[in-house]
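The chain contents come next:
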Amino acid sequence: VTYPGFNDTDSSIVALIDSNIGTNLDEFRNAMSKWWSLLFNAAYGDKEGNILFQAVGAIPIRQSNDFGYLPKIGDGSSDWIGITAWEDMPHSINPPDGYVVTANNPLGKLQQLSHPFEGTYVPGFRAQRIIDLILDEINSGNLITVDYMKQIQGDVTDLVFSYLYTAIENLQVSNPTDIEYKQKLLAWDGVESTTSTMAPIFDSWLYCLYNVTFYEIGSDTRNPYLMKQWFSNPNPSGTGDDISCSYWNQTCSQYAASCFSSSVNYYVEELGLPEWGSIHQGFFLHIPPLPLRWNRLVPVGGSKYVPNAATFTVTVPGIPFEAIVGGPSVRLISDLSGTTPTQLIMPMGESGNPKSSHYDDMLSMWANLQYLNLDWTTIEQ
């Protein structure tokens, strides 16, 4: 096994120390250059007005057509060519737009990088929604305030909905209830709040579309780009369909319609049109999970590709809701002018002891997009 952290040149501990004692942009960036064992996106800002986005970590330069996904022969013929030079790592220092955004999205156009970085990236819908919100405020002549940043962090507008809007328009449904809820979905604003009754139908339909590849490749394909290609305007005759639909003995048009009918039948006819938060809940599992009273549930809005992301969802047999086991582990807003204290909140609390009063005293604040003030001026020197 080859791993940058095994290399005797790994200086990640030094990077951790230096990043906490650096006093300016150059010192911070120099500290980031020493990370080897972790790969992440670093963001920086200071009271002088400097901002930085920096991809961090030792990225190997592999042999041609080696994407790092499979084991290789250990005779040296597949060894790494080297490590990507620090200056070749994606970064942006004081961009002219005046902001940087990173939300697990691809680092620019990967094919244009000096050494393309293979890996699993989140499609750019989260990042684009954040950019849209920033530009909306700037173009309105307003400053980006702490309160507005809270709105961005709590935003649950799903751009995948607008991206696949044409696919909804072209659904070939005939059942009166399906027709009614197709029109209601088309009139929806794409906001996946905890009180939304359209979010369950859209989310269920979307994940059914993702599952079209199951019989072809043995798994779903959670890629909105492919869904747009295959389902936005499929030919009712099946001409030009992706082969994945044929594994269901349907055309892509029929498959999309059957997914929609199933979603409407389940959420309207069987469950009586539930609100999103009643069936889409953050699940905080204590380890060990027994006794059950130590675990916590809280209604959660959003989905995988919104700023306030519900990242990882599991369905547990016998539990009538989607359990969200991945999302914002901490929300932090720093006003570098010092006008507003640093804002922070995390789910649950400071203590992992279920018998402590601080075990879950932040959970309701986290769920309701509230924050705590970190007022450093009160700390004794």
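Residues numbered from 1 in each chain as written. Predicted model: local features only at pLDDT ≥ 70, side-chain atom pairs only at ≥ 80, totals over all residues. Heavy atoms only, no water.

A.B. asks: Would you mind going over the state of the cysteines with me for this structure?
C.D. replies: What makes a disulfide is a covalent bond joining the sulfur atoms belonging to two cysteines. Going through the model one piece at a time under the given rule, you end up with two disulfides. Covalent S-S linkage joins C208 and C259, the inter-sulfur distance amounting to 2.0 Å. Looking down the S-S bond of the C208 and C259 bridge, the torsion is -65 degrees, so its handedness is left-handed. With C208 in helix α8 (residues 199-210) and C259 in helix α12 (residues 252-270), this residue pair connects regions lying 51 residues apart in the sequence. Under the relative-accessibility criterion, C208 is labelled partly exposed at 23%. Accessibility expressed as a relative area gives 1% for C259, which makes it buried. Residue C245 pairs covalently with C252 via a disulfide, S to S 2.1 Å. The disulfide joining C245 to C252 has a torsion of about 100 degrees about its S-S bond and is therefore right-handed. In terms of burial, C245 and C252 fall into one category: buried. With cysteine numbering restricted to those in disulfides and following the sequence, the protein has the pairing 1-4, 2-3. (Disulfide = S-S within 2.5 Å. Helix = DSSP H or I, 4+ residues; strand = E, 2+ residues; numbered from the N terminus. Buried < 20%, exposed > 50% of the residue type's maximum accessible area, 1.4 Å probe, protein only.)

A.B. asks: How do you make sense of the packing of aromatic side chains when you look at a structure like this?
C.D. replies: For any two aromatic rings, the description comes down to two numbers: the centre-to-centre distance and the angle of the planes. Overall, the coordinates contain 19 aromatic pairs when judged by the stated rule. Taken together, a centroid distance of 5.1 Å and an interplanar angle of 75 degrees make the contact between Y207 and Y210 edge-to-face. One end of the pair, Y207, and the other, Y210, are both in helix α8, three residues apart, so they sit about a helical turn from each other. Linked through ring pairs, F161, Y165, W188, F202 and W205 together constitute an aromatic cluster. The ring of Y163 has K228 lying over it, and the distance from NZ or CZ to the ring centre is 4.8 Å. (Phe/Tyr/Trp six-rings, centres within 6.5 Å; stacked < 30°, edge-to-face > 60°. Lys NZ or Arg CZ within 6 Å of the ring centre and 35° of its normal.)

A.B. asks: What exactly am I supposed to notice about helix α1 (residues 12-21) here?
C.D. replies: Taken residue by residue, α1 has S12, A15 and D18 as its buried positions. An end-on view of α1 places all buried positions within 120 degrees of arc, on one side of the element. Residues I13, N20 and I21 are exposed on α1 and point more than 90 degrees away from its buried face. The elements touched by buried residues of α1 are α2 (25-32). (Arc of directions from axis to C-beta. Contact = heavy atoms within 4.5 Å.)

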